[in-house]
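# Per-entry structural report
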Amino acid sequence: MRKLLFVVALLMLLVVAGCAAPAQPAADTGQAAPATGGEEAAEAAEAPLLRFGINAADLGTLDPHFASSTNDRTVVSMIFNGLVRYKPGEAPEMEPDLATAIPEPEIVDGKQVWTFELRQGVMCHPSPETEAYELTADDVVYSLTKSANPDRSAYAGEYTGMTVEKVDDYTVRITLDQPLSPVLFLPKVADYAGGFIVCSKAVEALGDEAIKTHPVGTGPFMFDSYTPQDRVRLVANPDYFRGQPKLGAVEVRYMPDISSRELGLKAGELDVISGLDEAQWIEDVNSDPNLQVDVFGVGEVATIHFNTTVPPLDNPDVRKAIAYALNRDEFLALFGPGVAENVYSPVPAQFMPGGLTKEEVEALGLDYSYNPEKARELLAQAGLADGFSLSVVSSEMPAYRKIYESMQAQLAAVGINLQVDIVDHSTMHTKIREDVNPIVVYVAFRPNADVYLTRFFHSDSIVVTGAKPDTNFSHYDKIDDLIEAARVETDPDKQIELWKQAQIQILEDMVAHTLMYQNQVYARNTAVDYGHPLKAVLNLNPQITEQTQIVR
């Protein structure tokens, strides 16, 4: 049967391949742009092409200051740089990128000043409206000013209280009204989210709307073309400041069906694919001697958020009963060893300072280990010995659906009836932000403890009614002072202690129950060498750099 399914799927792939339009320039799609890079780019194009099948139907935006999904970040991370960067494959370790060094901050008139010296000779990619030109402090000031503008960036809140000014062509001074620790400041100028540096002349010439499908940066690869719902093609940047890339081009192909991606990889039509986060799938693919599955961080954390304003979840004993009724190891078994690992606080201690370890929560009696008898006892105390019913919506994506369905089965054992309605992924995100779910499962990674706690537990972030509605699904407002105190604490040890105190309060009130982190799973042809170790990548992909190559 499995062989038959394979043959059918292969035929479908061939049919789709036969019907799909090849990558075409602008004249055919109406959205692609003419090739850039001149004769040197053409020479680079003779180097190998890497074909990368990702789990998405299309791109969202290639404006780096709005790119937030994995499929968009996969592309923009190849096009843009930051002042500093997460060391390829080894996040959160950092190193200089466009800057020559990571500076030490100074305090001037009560404000914190970071002065960055820029590399000389870094070239902006050419665009349809601009020639290649040397990046200077003007581009850095322009980029970080754009990042701080809510009309031009999704990350503007991260840049409040920051002044950016040009000292000379190769020196930029950043002044913070409120001093921050390096752990909180450096991500703002790193190669991630609002920290990406755009080329100001190209953005001004093309306009904000155009750069969503024609990005212009300084990275190892330059935008070449976009075919909607099919692929984005990038070509090597021959003038890249770290040296000419070993690949000639990269095609990111949008393929939401795992069977098509897997078949494409096995047939040699693809070189790298986003995989399935299941141990059996990994074992099956690894059985092919020509293929290799890589499992790496950073892990996206799966947390259950309780709406504390909705009966009966407004009773802390009911929330604790649900936590005791859920067995973390049953959720873990859905993904298998190596893919996921238990987490015991909203900030994952495995990846960053500020999280609580298993030993720490056990010592505090806040581990909420599986105890169905305790769950029934608490429900009886709450007057709910006969149980109750709740209704939620879940994404169709396995990372969500499997958790909701396991939770449904486990809660039924203590008399709680959970109705789960399956919707498409984007609809789920819309619904939960409209406060539809009394219980929200959210799977995400955030770059530091402040972002985790602010976006999920600060009162400003309460969905619908918060001052800046975001992802505080629990409507929690008890730890604002701890979050804010930690944010401005420059002593790393004191800062970590404040973050831990905030999470102890969350667990004591049981407004959120953290289950596990889920690692990234990608498969590749063994001829592909990423050029760096694969421990953790903040952009949730293997990270294609100038060192990536195909050796056959």
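Criteria and cut-off values
Residues numbered from 1 in each chain as written. Predicted model: local features only at pLDDT ≥ 70, side-chain atom pairs only at ≥ 80, totals over all residues. Heavy atoms only, no water. Helix = DSSP H or I, 4+ residues; strand = E, 2+ residues; numbered from the N terminus. Rg over C-alpha atoms; globule rule 2.2 N^0.38 Å. Buried < 20%, exposed > 50% of the residue type's maximum accessible area, 1.4 Å probe, protein only. Contact = heavy atoms within 4.5 Å. Areas by Shrake-Rupley, 256 points an atom, 1.4 Å probe, with all protein chains shown as cover. Lys, Arg positive; Asp, Glu negative; His and termini not counted. Charge placed at Lys NZ, Arg CZ, Asp CG, Glu CD. Polar contact = N/O pair within 3.5 Å; in protein donor to acceptor, adjacent residues only side chain to side chain. Pairing = 2+ DSSP bridges. Right-handed = clockwise from strand over helix to strand, strands pointing away. Core = buried A, V, L, I, M, F, W, Y, C linked by side-chain atoms within 4.5 Å. Axes fitted to C-alpha atoms, helices over the stretch in contact; angles between N-to-C directions. Parallel < 35°, antiparallel > 145°, perpendicular 65-115°, else oblique. Left-handed = near helix turned anticlockwise from the far one by under 90°. Disulfide = S-S within 2.5 Å.

In the nomenclature of an unreviewed UniProt entry, the chain corresponds to Polyamine ABC transporter substrate-binding protein from the organism Litorilinea aerophila.

For the chain, the helix and strand inventory stands at 18 helices and 21 strands. Taking 552 residues into account, the globule formula puts the C-alpha radius of gyration at 24 Å, and the chain, at 24 Å, falls close to it. Taken over the C-alpha atoms alone, the chain extends approximately 75 × 75 × 35 Å along its principal axes. Going through the 552 residues of the chain one by one, you find that 55% of them count as buried. Restricting the contact set of the chain to residue pairs at least 6 apart, pairs at least 24 apart contribute 69%. In the form shown here, the chain has an accessible surface area of approximately 21,900 Å², with 50% of it arising from carbon and sulfur atoms. If the 42 positive side-chain charges of the chain are averaged to one point and the 79 negative ones to another, these points end up 3 Å apart.

Attention now goes to helix α16 (residues 449-457). Summarising burial for α16: 8 of the 9 residues are buried, a large majority. If you check the start of α16, you find a side-chain oxygen 3.1 Å away from the backbone N of Asp-450, and it comes from Asn-448.

In terms of strand pairing, strand β16 (residues 388-395) meets strand β17 (residues 416-423) through 8 bridges, oriented parallel. Each bridged residue has a counterpart across the sheet, and for Leu-390 the counterpart in β17 is Leu-418. The parallel pair β16 and β17, bridged by helix α14 (residues 398-412), forms a crossover whose chirality is right-handed.

This part covers the environment of Leu-98. Secondary-structure assignment places Leu-98 in the loop between β3 (94-96) and β4 (106-108). Separated by 400 residues in sequence, Leu-98 and Leu-498 place their C-alpha atoms 33 Å apart. Here Leu-98 is in contact with Asn-81, Gly-82, Leu-83, Glu-117, Leu-118, Arg-119, Val-122, Leu-135, Ile-197, Thr-218 and Phe-241, once residues within four sequence places are set aside.

Turning to the nonpolar core, a few remarks are in order. With 129 residues, the main nonpolar core has Ile-174, Phe-185 and Met-407 as its most contacted residues. The dominant element in this core, judged by the number of residues it contributes, is strand β14 (residues 291-306), at 7 residues. If we ignore the near neighbours within four places in the chain, the residues touching Ile-174 are Leu-83, Gln-112, Val-113, Trp-114, Phe-116, Leu-144, Met-162, Thr-163, Val-164, Phe-185 and Val-189.

A few words on the sheet that holds strand β9 (residues 171-176). A sheet is described by the order of its strands in space; here 4 strands give the open sequence β4-β5-β9-β8, paired in antiparallel fashion. Where the open sheet ends on each side, the last strands, each with one partner, are β4 and β8 (162-168). Mean inter-strand twist for the sheet, computed between neighbouring axes without regard to direction, equals 30°. Sheet topology note: the strand β5 (residues 111-117)/β9 ladder contains 6 bridges and is antiparallel. Of the residues in β9, the one forming a bridge with Thr-115 is Arg-173. Across the face of the sheet, helix α5 (residues 137-147) comes into contact with β8 and β9 while running at roughly 170° to β8.

All right, on to the environment of Val-318 then. You can see Val-318 is positioned in helix α10 (residues 316-325). C-alpha separation for the pair Val-318 and Val-343, spaced 25 residues apart in sequence, amounts to 22 Å. When neighbours within four sequence positions are excluded, Val-318 is seen to be in contact with Pro-312, Leu-313, Leu-379, Ala-382, Leu-384 and Phe-388.

Right, let's talk about the pairing of β14 for a bit. β14 sits mainly inside the fold: 13 of its 16 residues count as buried. As defined by bridge partners, β14 adjoins strand β19 (residues 512-525) across 12 bridges and the pair is classed as antiparallel. Its bridge partner being in β19, Ile-304 is matched across the sheet by His-513. Pairing analysis gives 6 bridges linking β14 to strand β18 (residues 439-444), with the strands arranged antiparallel. Each residue of the ladder has a partner; that of His-305, found in β18, is Val-440.

Bringing the packing of helix α17 (residues 480-488) against helix α18 (residues 492-509) into the picture now. The N-to-C vectors of α17 and α18 enclose an angle of 165°; their axes lie 8 Å apart at closest approach. Taken together, the axes of α17 and α18 lie roughly antiparallel to each other. By crossing handedness, the relation of α17 to α18 is classed as left-handed. On α18, the residues touching Leu-482, Ala-485, Ala-486 and Arg-487 of α17 are Gln-495, Leu-498, Trp-499, Gln-501 and Ala-502.

Using the criterion set out here, one finds 1 disulfide in the structure. Sulfur-sulfur distance for the disulfide between Cys-124 and Cys-199 comes to 2.2 Å. Residues Cys-124 and Cys-199 share a disulfide whose torsion about the S-S bond is about -100°; that sign makes it left-handed. A residue pair is termed long-range when its members are at least 10 positions apart, and Cys-124 in strand β6 (residues 123-124) and Cys-199 in the loop between α6 (182-185) and α7 (200-206) qualify at 75 residues. As far as burial versus exposure is concerned, Cys-124 and Cys-199 are alike and both buried.

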